[in-house]
Structure formats: structure tokens, C-alpha cells
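# Coordinates in review
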Amino acid sequence: MSYLISPGHRRALSARKAPLRLAVPGFAHPLVAPVEWGGLQRAGLPLDWVVLGGSSLRESGGVTGGPGSRQDPYWLSAVVPLRTAGIRVLGHLDMGYGSRPFGELLSDAQRFLNWYRVDGFALARCPADAASLPETRRMTGALRTLLDKAHMVLVHGTQPAAGYAALADQLVTFAGPWSRYRWSQAAEWTAEHPPERFCHLVHGVPRSHLDEALRIARWQGAGTVYFTDRTDHDQVDPWESLPGYWDDFVSRIGPAVSE
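Residues numbered from 1 in each chain as written. Predicted model: local features only at pLDDT ≥ 70, side-chain atom pairs only at ≥ 80, totals over all residues. Heavy atoms only, no water.

### Description of the overall build of the protein
We count it as follows: Secondary structure follows DSSP: runs of H or I at least 4 residues long count as helices, runs of E at least 2 residues long count as strands, and numbering of each begins at the N terminus. Relative accessibility thresholds used throughout: buried, under 20% of the residue-type maximum; exposed, over 50%; partly exposed, between the two (1.4 Å probe, protein chains only). For this analysis, residues touch if any pair of their heavy atoms sits within 4.5 Å. Every accessible area reported is derived by Shrake-Rupley at a probe size of 1.4 Å, with residue values counting cover from the shown protein chains alone.
Counting its secondary structure elements, the protein contains eight helices and eight strands. A buried classification covers 54% of the 259 residues belonging to the protein. A separation of at least 24 residues holds for 75% of the contacts in the protein among residues at least 6 apart in sequence. Approximately 11400 Å² of the protein is accessible, and the part contributed by carbon and sulfur atoms is 53%.

### With respect to the packing of aromatic side chains
For clarity, the cut-off: Only the six-membered ring of Trp is used, alongside the rings of Phe and Tyr, when aromatic pairs are assigned; centres must lie within 6.5 Å, and planes under 30 degrees apart are stacked while those over 60 apart are edge-to-face, with the rest tilted. Criterion for a charge above a ring: Arg CZ or Lys NZ at most 6 Å from the ring centre, at most 35 degrees from the ring normal.
Summed over the entire model, instances satisfying the criterion amount to 12 aromatic pairs. Each ring, one from Phe27 and one from Trp37, has its centre 5.8 Å from the other, and the planes form 90°; the classification is edge-to-face. A residue pair is termed long-range when its members are at least 10 positions apart, and Phe27 in the loop between strand 1 (21-24) and helix 2 (34-39) and Trp37 in helix 2 qualify at 10 residues. This pair shows no difference in class: Phe27 is buried, exactly as Trp37 is. Between Trp115 and Tyr116, the aromatic rings sit 6.3 Å apart at their centres with planes inclined by 85°, giving edge-to-face as the arrangement. In this structure, Trp115 and Tyr116 share a single accessibility class: buried. Aromatic ring contacts, followed pair by pair, group Phe174, Trp178, Tyr181, Tyr226, Phe227, Trp239, Trp246 and Phe249 into a single cluster. A cation over an aromatic ring shows up here: Arg138 above the ring of Phe102, its NZ or CZ 3.7 Å from the ring centre.

### Brief notes about unusual backbone geometry
In this model, Tyr97 sits at a positive phi of 55°, which is unusual for a non-glycine residue. Inspection of the secondary structure puts Tyr97 in the loop between strand 3 (88-94) and helix 4 (102-116). One non-glycine residue, Arg125, lies in the positive phi region at around 50°. In this fold, Arg125 is placed in the loop between strand 4 (120-124) and helix 5 (133-146).

### Notes on the pairing of strand 6 (residues 170-177)
For clarity, the cut-off: The criterion for strand pairing is that DSSP finds at least two bridges linking the strands in question.
Among the eight residues in strand 6, six count as buried, and that is most of the element. Bridging between strand 5 (residues 151-155) and strand 6 involves three bridges; their strand directions are parallel. For Val155, the partnering residue across the bridge sits in strand 6 and is Val172. Relative to strand 7 (residues 198-203), strand 6 runs parallel, the two being bridged by six bridges. Pairing of Val172 across the sheet is with Cys199, part of strand 7.

### Some words on the sheet that holds strand 7
Selection rule: Note on method: axes are straight lines fitted to C-alpha atoms, helices fitted across the in-contact stretch only, with angles between N-to-C directions ranging 0 to 180 degrees.
Taken in spatial order, the eight strands close into a barrel running 1-2-3-4-5-6-7-8, and their pairing is parallel. On average, adjacent strands in this sheet sit at an angle of 25° to one another, irrespective of strand direction. The sheet contacts of helix 5 involve strand 3, strand 4 and strand 5, and relative to strand 5 the element is tilted by about 155°. Its contacts with the sheet place helix 7 (residues 210-219) against strand 7 and strand 8 (224-228), and it is angled at close to 155° to strand 8.

### Some details on the environment of Arg21
Examined against the element boundaries, Arg21 turns out to sit in strand 1. In this structure Arg21 comes out as partly exposed when scored by relative accessible area, which is 35%. The spacing of Arg21 and Leu45 is 24 residues in sequence and 9.0 Å in space, taken between C-alpha atoms. If near-sequence neighbours (up to four positions away) are discounted, Arg21 is found in contact with Pro46, Leu47, Asp48, Gly223, Thr224, Val225 and Ile253.

### Considering helix 3 (residues 73-84)
Which entries qualify depends on this criterion: A helix is expected to span 1.5 Å multiplied by its residue count minus one. Two N or O atoms count as a polar contact when they lie within 3.5 Å, although within protein this holds only if one can serve as hydrogen donor and the other as acceptor, and sequence-adjacent residues are included solely when both atoms are side-chain atoms.
Between its first and last C-alpha, helix 3 extends 17 Å over 12 residues, near the 16 Å set by a 1.5 Å rise per residue. In this fold, the buried residues of helix 3 make contact with helix 2, strand 2 (47-52), strand 3 and helix 4. The N-cap residue of helix 3 is Asp72: its side-chain oxygen and the backbone nitrogen of Tyr74 are 2.8 Å apart. One or two residues past the end of helix 3 sits Gly86, with phi positive at roughly 85°.

### Topic: the confidence of the model for the protein
Cut-off, in case you're wondering: pLDDT is a per-residue confidence score from the predictor, ranging from 0 to 100.
Confidence in the prediction of the protein, expressed as mean pLDDT, is 89, and 88% of residues score 70 or more. Predicted confidence for residues 56-61 stays below pLDDT 50, and this span has eight contacts to residues more than four positions away or in other chains.

Encoded structure:
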């Protein structure tokens, strides 16, 4: 199969053979997904970060997820073992592609810090255009003021303008279905950064295509990934439950897949 990427860029990216890490974009509430959250406590799991409070369900105003209106003991019981094990827990902040008021986002961030002592934030539905850079810079700067050394992940879901790389520890440059991912391409500017700066989240990946998906991630220079066979059909959140091939997937993360 020939992927849509220039030969020069492919050579630069395919040279990156660092072990991949695993990101978890947010399981369902621990009350209904205890197996998922409990499984993250497995020793030796190559976890980069886990998102708390993620949800595909829209609240009033079109906001997804967040810390809620009060501390949730179920979320707390899921977070404490992860933080004790040294795993980064990130609070889910929905930017609404730039439509959320600045104050609302800061308020959500403060609740995540007060109630769950998160290690940073995943800014979902983050703008990707150059015109939105100043406001996103203002937001990430304010969050770092709230939490010194906060781990910041901008979840664009697409290739953003190059300037966003200076605002966060990591950019999610793809989030979507396997049908698009297998024909996707990385922006040329990403070759200037190490793999740990980029993450890909892909749903609808068949078990038989796991190795192919891992090769694409490496060729495009992504150091952190999450693949699942769950889909978004019938408006189901594909991230809310474990992949059917979870153990198989985890076992393939680490050593580079041969080409």
C-alpha cells in the first residue's frame, strides 16, 4: 500500500523508532465502566496519559464532558490509584473550537484541580487555524498559571497550524475513523519535532489492521496512540469502552513493528 506522504518526508519520519506510548482519551463513567478503569492499574502498562471527565454527550450549550458540578466519588476512586502509580491524569476541557468563554474554561480547570488534583489538561475540540492561535495561547498560559508544569495536550483531531506546537506538550493531530486514517498524511512541519509531541486517536480499526495502523503512526511521527475497534455508529462514543483486542493491542506497543 502506498501512503499519501512525500518520499523525503517519509524517510525523515520512518527513522523515528522510539517505543510508542498509550493514551486513553476517556472511558465512560467508572460506575458503568469499572473494568476499563481498573484495567489501567495493570503494572507495566505503557501509559502516557489518561483523560478524566471526557464524554461525547452534549450538555446544555453544546459542551462535552468536564468536571461536573460537584466532586464525584467514583471519579475520585478511579483517579487516586492512577496518580499513585505515577500515571498522568488530565482534565477534559471542551474549547468548542474557540466558542467557550475563557472564564468557563478556567472555572472547569480549577474544579479539576480542587477535586481530583489532575496533572494537566486535554483541551478537546481545540481550534486548528492560525487565526485562533492568540486566544489558545492565552488559554494555555492561564492554565499553566493555575498549575505550574501542567501537562498540556491540544486535541485538534486534525493537522493544525505549526504555531500550536509552541503552546503544548503534545498535539492530537488525528482523531477519527480508520477509513480516513489509513489515507491520512502528516504536515511537513511535524518532521521538525520528536514523536512524543504528537498523538493519534483512531476508532474502527479492525484487529487484522493493527500492525498497519501502528506502521502509519510511526511513519507519520506519532509517539502516542490509541486504537480501538469500537465505532461511532449510532452516535456511540467509541472511546467509552475497551477495544475488543485490548491485550493484543497493548502487547504491540513498545518495540517498533518491522516494515
